[in-house]
Amino acid sequence: MTQMSMIEAIRDAMDVCMTRDPNVLTFGEDVGYFGGVFRCTAGLQEKHGLHRCFDTPISEGGIIGIAIGMAANGLRPVAEIQFADYIYPAYDQIASEAARLRYRSNGDFSAPLTIRTPVGGGIFGGTTHSQSPEALFTHIAGLKTIIPSNPYDAKGMLISAIESDDPVLFLEPKRLYNGPFDGDHESPSVSWKGHPLGEVPEGHYTVPLGQARQIREGRQITMIAYGTMVWVAEAVADAMGLDADIIDLRSLVPLDLGAIEASVKKTGRCVILHEATRTSGFGAELSAQVQERCFYHLEAPIQRVTGWDTPYPHAQEWAYFPGPKRVRAAVELALKAA
Amino acid sequence: MTQMSMIEAIRDAMDVCMTRDPNVLTFGEDVGYFGGVFRCTAGLQEKHGLHRCFDTPISEGGIIGIAIGMAANGLRPVAEIQFADYIYPAYDQIASEAARLRYRSNGDFSAPLTIRTPVGGGIFGGTTHSQSPEALFTHIAGLKTIIPSNPYDAKGMLISAIESDDPVLFLEPKRLYNGPFDGDHESPSVSWKGHPLGEVPEGHYTVPLGQARQIREGRQITMIAYGTMVWVAEAVADAMGLDADIIDLRSLVPLDLGAIEASVKKTGRCVILHEATRTSGFGAELSAQVQERCFYHLEAPIQRVTGWDTPYPHAQEWAYFPGPKRVRAAVELALKAA
Amino acid sequence: MAKKQSNHATKPNRSKMPNRSRMHVPEPPFRPGDTPDYSHISVPAMHSPHRPDPMCDDHETAEHALKLIRVMRFNGEAVGEWIPAIDADLKRRMLTDMVMTRAMDDRMFAMQRQGKMSFYMKSRGEEAVSVGHAHALRNSDMVFPTYRQQGILIARDASMLEMMNQCLSNSGDPLQGKSIPVLYSFKKHGFFSISGNLGTQLIQAVGWAMAEAYKNEDGIASTFTGEGATAEGDFHYALNFASTYRAPCIINVVNNQWAISSFQGIAMGEGESFAARGTGYGLATLRVDGNDALAVYAATAWAAERARKGGGATVIEHFTYRAEGHSTSDDPSKYRPKNDADVWPFGDPVERLKVHLIHIGEWDEERHEALSAEAKKTVRETYKQAEALGTVDAGPQVDDFTMFEKVYADDPELLTEQRELFRRELSQ
Amino acid sequence: MAKKQSNHATKPNRSKMPNRSRMHVPEPPFRPGDTPDYSHISVPAMHSPHRPDPMCDDHETAEHALKLIRVMRFNGEAVGEWIPAIDADLKRRMLTDMVMTRAMDDRMFAMQRQGKMSFYMKSRGEEAVSVGHAHALRNSDMVFPTYRQQGILIARDASMLEMMNQCLSNSGDPLQGKSIPVLYSFKKHGFFSISGNLGTQLIQAVGWAMAEAYKNEDGIASTFTGEGATAEGDFHYALNFASTYRAPCIINVVNNQWAISSFQGIAMGEGESFAARGTGYGLATLRVDGNDALAVYAATAWAAERARKGGGATVIEHFTYRAEGHSTSDDPSKYRPKNDADVWPFGDPVERLKVHLIHIGEWDEERHEALSAEAKKTVRETYKQAEALGTVDAGPQVDDFTMFEKVYADDPELLTEQRELFRRELSQ
Ligand SMILES: Cc1ncc(C[n+]2csc(CCOP(=O)(O)OP(=O)(O)O)c2C)c(N)n1
Ligand SMILES: Cc1ncc(C[n+]2csc(CCOP(=O)(O)OP(=O)(O)O)c2C)c(N)n1
Ligand SMILES: [Mg+2]
Ligand SMILES: [Mg+2]
């Protein structure tokens, strides 16, 4: 075990895979010599060589396009998109190509690539450095979409993603890169140092895709979250003294329906949290699933706590972010109701 | 009033707008001389001139890109994307640009463009001529997403879209172009001729965006649908002798929440229908909304009837399509439950 | 303005409305009702540009992007520096493949018209591009084709039965009905799964080629686009990435003059050739008479050698003509003169190779008729076998449950659930 | 292979791992620790290419894409055919605007370091590009800038106070805090709302220009990209559509050698210039010394005349150097030698215009110092006024409820509901 920030854990996952498998390589804008604007690939070029960790033109569609061709030809590319807000030029390559290749060729070809990209707000990035577009990818059959909330999971899940035979979108909550975040932007930032989930095994291990992590056990209410919002949920549960079941989904597709169903059947109350815009966010799918599977156990309406149906504003960042107050209000509604 | 197919109604809407307003123009792949692969712009070039109805390079991103620039400069462009399956190369221009321009410039600029594109299956088009990607657009704040189910609405809604000061995505269910479709592909096709909703006023009229159409009134169950599935819902309601409230949403964003809420509060039972892939489809948002607003009135779990979580296959088209059998099964579940 | 002579005359605005707009919209020289006359397009008889060393500086090929590499004159004579060193056997093989491709196209088109399949696309007029190209590559070089390079599969000895089964979506379809007709996938023949989305595979091919170099192997990738689809972003990505990483690949633009109903000028704009698009990226650029199988072979062999030796990518424009409709859904008489194909000045590719073989004394009319008859017979018999395995709406058919397979490497829980729901639906 | 001389020497692989891969990855000539030496880059002193008539055939500008238009020698002398016919007043105005731009940049950068705003981006070294360009256009011509053309706003007499308010997201911010600093929007100054997404505005500008032609007006659009972002599909769309519809616009590529940490060779590949990308599309192409304000003016005026007269679009590459970090979030010493900017052989654009004005007897060191002092003072005072209107984290601030506004032309029901939810959240 060593202490790692989420950045270090992500870098270590790539390092481990590149060391074990010569077919693993990584590339993206500023990924090579410089090591990425968030430093996730720092040192990998020096260690593994120019051809295994390199800069690309500013062309997200091109980056995913070459990754598909490489993956189809036996490599295991890990492509970085500098911010998730810039993934849209690659949307066609991801949705029409990477996710479809196995199906349309009936297994003749496949595209086992991994796409890493930072998501979420909290760094005053405004409309184009803050988005959480996960829902746009969960609608795409053939693609896996995952999002860790801590260094331990980040490393284990990224190794699983690289080793997966399917294309995987690996979302990195940038507000968690350097430490957990309880949603209160005015309190001093905390680091992963000393945090139990900052304890990361050296070498190779995996966190399987499709398994949620039960953050804590409780009987009063189920809180379903992923990424940054896991920490906000925990903080609110603490502050309110809730006896909550908190589920960190980790993987959105495939989804751990068993964990969700078991929890809500137990508690009868459910709050779903995400940072993305509310309408057609992934919370909608979660709400629909819970309602379909646990209808007769529900004692109150399922609540969604989300960003607003606006772009992510710059100055009003913390008014947009679904912080502790918004979570608390939803929990109260879920608890109050008959 | 004249008889029109949906294709003629759509063409007529553009003709009316181009005649009234010299700033309206239309373009896209094969849209000019030929009049579009579905003939929706046939005759418009001859009537209104080469510069008002013209062919573009095969470049969906470019098509929407120029439309944004034109719209910002005072024109009212109507851009055709040949199939919705090919809209993804324009995803960035739509989501990051058209939908965001007003917001990020705080109203200094805006992009009032209309994007027309055919959606849905039923013509053996396989994975790349059958998709219904509406949910990917309903998640985008700043964009309106609408979808008519008949010639009358098609014309009135398209005129509203062209006159709207916001960017509008106008989805055309291609299986309805020539007639209503009850979901039974083995029965002979029906034409709009003689159908009451094929009676279309001449000249200018609008169907406001954001208002659902109540197809029929009932007390037993609410069926929420849009596009092709409206007709399947009706057919099943007929076949089962249901006393159903059937709502044709017409507009997904903005959504007529009032109509939905009133209906489900009345019936206590709800089935949601769409052709798109289930996970994170727009049905998820509808289910979440219904559950949030009508929880205490629900007597059974809300059911979603959708396409499967696979690409749209070619030979197995009718096994994928959410046809009458799948709808009936869901209705039975919704009715059976206590 | 002294703008250069354009390759196509422009027509006055046909609309009834006066056009006061200054916006320029290009139009094809001829529309239905016009008498097409292509005398403004020069058919260089002896003017193929010089053949530089395949490892030359890309500058040396800049003029090639604007000229036209040709080998065969219309009288069958082979002339110039680009004559490929291939024997009569290979030429006859190429002729056979082209004839076979056309025979299969004709049959499948007719069968589509009879409702046996949902869709079909012919490659008539473009057979030299696919067949000539394929024979100049190694069979292990991965091609990333569009829907109009079926000739490559024929040239690589793919099973015509399997191809037909794919088109019929029948019980023998290797793709089990998942894809529409002609979107083949034949990894065993170095033939990448064709996408229905135009352009996307251009940049994937560059990635494939980069992987070859990464692995220090000497395979190359060869990717195709129609001239219309060069307007997609993927074309730019492909040229740019191929240039940056010197990817061992060939980027083929098949300029068959039409993109459904849009003439090539819509994609081309004020440019002069599609090959020339590559010049600004520092790629080698060749423009070749696509109806001349030997010229296609020669240009391909040149580009393949360059790529394999580490010289990077070449853009090849194959200048040809789409002699039939875009697909079975299309009626070209709606947007171009009926006899446009006939007056196209570059002739028919099958005819031209045939005349050449006769000219060099390696072929005659009788053998050619026998070949055509044989091809038709093979196609007819193969089609019979295929139809026995089912058609899109007559059994034996693909099991519907296969639609749930191959979405992922292994099925997620949700799909297993949905498969179960579907089972219940069927038993209703 | 006899590949052409590249503009940059290539370095051996620095990694500790032996590289048996044949995949080529370009590297910049110098990295931290190296002593940069740009003697391989030729600085043409008198060799500006011929100035053709602005309505010439695009062919005539093909060589311009590979040469460099320069007007001012380092000694201040103006030479060659491109000397613009402008008087000393305008030159002094340009100098003033450049000095003002730089003074504002310096102040804002320092204030960001003090936490007054979340982010800032300087344009040091590139002031001649924006200022020279702006003065050769009409103020009503719409520019579609990137984040490094603040000089255009200064040149067009935009209110520096409003610009600062935008950066501070304070109560005077015309964008009401919605956008991050420097993503200005000033319709009243013909300055299109800057997008955070690179490249997207290139094709929008073409659409804007098409609308000008459609309306039979004679405005033009001028759009900018960094050399790095030319790799986006939008660049290709812009070149292609501009060519097809002869859109009256200018497509500017500011090649400042760096895209964050990536040197220009990553985007360029084996190409030789970014202007040359336009050649294959049949567009006019100019390459200009971007540190020479008079050359930028001259090239812009040429392209604007061509566009306005119906000659279509020009691609202009402005060859310059990003003298500072990418933004306040960047530390360039991590990826390039510390003194790289100083040894860059094209000098400083402010200095160069100053030397020219002195050379022609229209300026002197004292006036220059006075100008600098005056600029600093104006900036300091304006900044004070701005700060009085608030900063990103000190009042007076933008009302949070404004975040719900301007999503649509009018608010949909759901947003009204959410606004109400937010009101309750605040009152908790
Ligand atoms: C991304 C995308 N846009 C549009 C289409 C619809 N479409 C199919 S073929 C075609 C024309 C292609 O023309 P070209 O590239 O010249 O190829 P050709 O058919 O002439 O071989 C179009 C527009 C598509 N398949 N994919
Ligand atoms: C679509 C997109 N991809 C990536 C980024 C992140 N990014 C911002 S600036 C930049 C570098 C741009 O370099 P260049 O185009 O040369 O412009 P310069 O900064 O040198 O003016 C990058 C990669 C972005 N803003 N948008
Ligand atoms: Mg074509
Ligand atoms: Mg740059």
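Think of each chain on its own: its residues are numbered from 1, step by step along the sequence as written. Whichever chain is written first is A, and whichever ligand is written first is 1; the rest continue in order. Side-chain atom pairs in this predicted model are given and counted only at pLDDT of 80 or more, local residue features only at pLDDT of at least 70, and totals for whole chains, interfaces and linings cover all residues. Hydrogens are left out, water is left out, and the side-chain values use all remaining heavy atoms of the structure.

This next bit is on the overall build of chain C. Each helix is a run of H or I in the DSSP string that is no shorter than four residues. Each strand is a run of E no shorter than two, and both are numbered from the N terminus. Across its full length, chain C carries twelve helices and seven strands. Going through the 428 residues of chain C one by one, you find that 65% of them count as buried. Whether two residues are in contact is decided by their heavy atoms: any pair within 4.5 Å suffices. The contacts of chain C with a sequence gap of at least 6 include a subset with a gap of at least 24, amounting to 73%. In this description, accessible areas are obtained by the Shrake-Rupley approach with a 1.4 Å probe, and a residue is regarded as covered only by the protein chains that are shown. About 14200 Å² of surface is accessible on chain C, with carbon and sulfur atoms providing 49% of the total. Only protein chains enter the area calculation, which uses a 1.4 Å probe; residues under 20% of their type maximum are buried, those over 50% are exposed, and those in between are partly exposed.

Further remarks concern the pattern of salt bridges. Basic side-chain nitrogens of Lys or Arg form a salt bridge, by our definition, when they fall within 4 Å of a carboxyl oxygen of Asp or Glu. A full pass over the atoms with the stated rule returns 103 salt bridges over all chains. One salt bridge connects Glu417(D) with Arg293(B), and the closest N-O pair in it is separated by 2.8 Å. In this pair, Glu417(D) is assigned in helix 12 (residues 413–426) and Arg293(B) in helix 10 (residues 282–294), connecting two distinct chains. Each member of the salt-bridge network shares a partner with another, and the members are Glu261(A), Lys265(A), Arg293(A) and Glu417(C).

Residue and element names in this part refer to chain B. Relative to the helices and strands, Gly227 is located in the loop between strand 10 (221–225) and helix 8 (228–240). Using a relative accessible area of 1% as the deciding quantity, one classes Gly227 as buried. Each C-alpha atom, one on Gly227 and one on Arg11, is 18 Å from the other, the two residues being 216 residues apart in sequence. Ignoring sequence-local partners within four residues, the contact set of Gly227 consists of Ile147, Pro148, Ser149, Pro173, Leu176 and Asp248.

What follows concerns helix 12 (residues 324–336) of chain A. Expected helix span is given by 1.5 Å per residue-to-residue step, counting one fewer step than there are residues. Over its 13 residues, helix 12 of chain A extends 18 Å from the first C-alpha to the last, a length consistent with the 18 Å expected when each residue adds 1.5 Å. All of the buried residues along helix 12 of chain A are Arg326(A), Val327(A), Ala330(A), Val331(A) and Ala334(A). For helix 12 of chain A, the angular spread of buried residues about the axis comes to 135°, placing them on one side. Contacts made by the buried residues of helix 12 of chain A are with strand 10 (221–225), helix 8 (228–240), strand 13 (270–277), strand 14 (303–307) and helix 11 (317–320) of chain A together with helix 12 of chain D. Taken from the helix axis, the directions to the C-beta atoms give the arc we talk about.

So, on to the interface of chain D and chain C. Taken together, the contact pairs 52 residues of chain D with 51 residues of chain C. Both faces considered, chain D and chain C share a buried interface measuring about 4400 Å² in area, 49% of it formed by carbon and sulfur atoms. Linking chain D with chain C are two salt bridges, by the criterion used here. Residue Glu270(C) is joined to Arg246(D) by a salt bridge in which the shortest nitrogen-to-oxygen separation is 2.9 Å. Pairs of N or O atoms within 3.5 Å make up the polar contacts considered here, provided that, within protein, one atom can donate a hydrogen while the other can accept it, and that residues adjacent in sequence are counted only when both atoms are side-chain atoms. Along the contact surface separating chain D from chain C lie 23 residue pairs in polar contact (both at pLDDT 80 or more). Secondary-structure elements contributing two or more residues to the side of chain D that touches chain C are helix 5 (200–214), helix 6 (233–244), helix 7 (264–268) and helix 8 (293–308) of chain D. Here the element with the most residues in the side of chain D that touches chain C is helix 6 of chain D; it accounts for seven residues. Only Asp, Glu, Lys and Arg are considered charged in this grouping, and only Ala, Val, Leu, Ile, Met, Phe, Trp, Tyr, Cys and Pro are considered nonpolar; every other residue, Gly among them, is considered polar. Grouping the constituent residues of the side of chain D that touches chain C by class yields 19 nonpolar, 18 polar and 15 charged. A 1.4 Å probe defines the accessible area here, and the buried area is the portion of it lost by two parts on being joined, summed over both.

Below, the discussion takes up the interface of chain D and chain A. Opposite the 51 residues of chain D that make contact, chain A presents 46 residues. When chain D packs against chain A, the two sides together hide about 4000 Å² of surface, and 61% of this comes from carbon and sulfur. Taken together, chain D and chain A are joined by one salt bridge. The partner of Arg326(A) in a salt bridge is Glu425(D), with the nearest N and O atoms 2.5 Å apart. For the pair chain D and chain A, the number of links is 16 residue pairs in polar contact (both at pLDDT 80 or more).

Glancing now at the site of ligand 2. The criterion for a residue being near a molecule or strand is simple. One of its heavy atoms has to lie within 4 Å of it. Lining the immediate surroundings of ligand 2 are 20 residues, of which Glu60(A), Tyr147(D), Arg148(D), Asn256(D) and Trp258(D) lie closest. The contact in question runs from a nitrogen atom of ligand 2 to an N or O atom on the side chain of Glu60(A), over 2.6 Å. Separating an oxygen atom of ligand 2 from a side-chain N or O atom of Glu227(D) is a distance of 2.9 Å. Here ligand 2 has 590 Å² of accessible area as a free molecule, and 96% of this is covered by the chains. Partitioning the shell around ligand 2 into residue classes produces eight nonpolar, seven polar and five charged.

In this section: helix 1 (residues 88–113) of chain C. What sets the pattern is the α-helix's 3.6 residues per turn: residues three or four places apart point alike. Taking 1.5 Å of rise per residue, the 26 residues of helix 1 of chain C would be expected to cover 38 Å, and the 37 Å separating its terminal C-alpha atoms lies within 8% of that figure. Gly115(C) sits one or two positions beyond helix 1 of chain C and adopts a positive phi of about 85°.

Moving on: the coordination of the magnesium ion (ligand 4). All names here are of chain D. Here the magnesium ion (ligand 4) is held by Glu227 (OE), Asn256 (OD1) and Trp258 (O), and the distances to it run 2.1 to 2.2 Å. Here a donor is any nitrogen, oxygen or sulfur atom (N, O, S) within 2.8 Å of the metal, with 3.2 Å used for Na, K and Ca; water is not among the atoms considered, so some sites may look incomplete. Mapped onto the sequence, the residues coordinating the magnesium ion (ligand 4) show the spacing E-x28-N-x1-W. Within this pair, whereas Glu227 is found in the loop between strand 2 (221–226) and helix 6, its partner Asn256 is found in the loop between strand 3 (249–255) and strand 4 (258–259), the two being separated by 29 residues in sequence. As far as the burial class goes, Glu227 and Asn256 line up, both buried.

Let us now look at the site of ligand 1. Around ligand 1 lies a shell of 20 residues, among which Glu60(B), Tyr147(C), Arg148(C), Asn256(C) and Trp258(C) are the nearest. Bordering ligand 1 are residues originating from chains B and C. Side-chain polar atom of Glu60(B) to a nitrogen atom of ligand 1: 2.6 Å apart, as the coordinates give it. The separation between an oxygen atom of ligand 1 and a polar side-chain atom of Asn256(C) is 2.8 Å. Here the shell around ligand 1 is composed, by residue class, of eight nonpolar, seven polar and five charged.

Time to look at the domain arrangement of chain A. Residues and elements named next belong to chain A. All the domain ranges listed were derived from an automatic or database domain assignment. Partitioning chain A into structural domains gives domain 1 (2–176) and domain 2 (210–336). For the pairing of domain 1 and domain 2, the buried interface totals around 2100 Å² over both sides, and the portion due to carbon and sulfur atoms is 60%. Our count for the domain 1 to domain 2 interface comes out at two salt bridges. Remark: the boundary between domain 1 and domain 2 carries 13 residue pairs in polar contact (both at pLDDT 80 or more). Residue assignment for the side of domain 1 that touches domain 2 shows that the elements contributing at least two residues are helix 6 (134–138), strand 6 (144–146) and helix 7 (151–163).

Moving on, we come to the relation of the copies chain D and chain C. Of the transformation placing chain D onto chain C, the axial shift is 0.0 Å and the rotation is 180°, giving an RMSD of 0.0 Å. What the rotation and shift describe, once combined, is the action of a two-fold rotation axis. When each C-alpha of chain D is compared by its distance to the rotation axis, Gly233(D) comes out closest, at 2.1 Å. Mapped onto chain C, 98% of the interface residues of chain D are again interface residues, and the two copies thus contact each other with one and the same surface. To superpose the copies, least squares is applied to the C-alpha atoms of every residue with a pLDDT of at least 70 in both.

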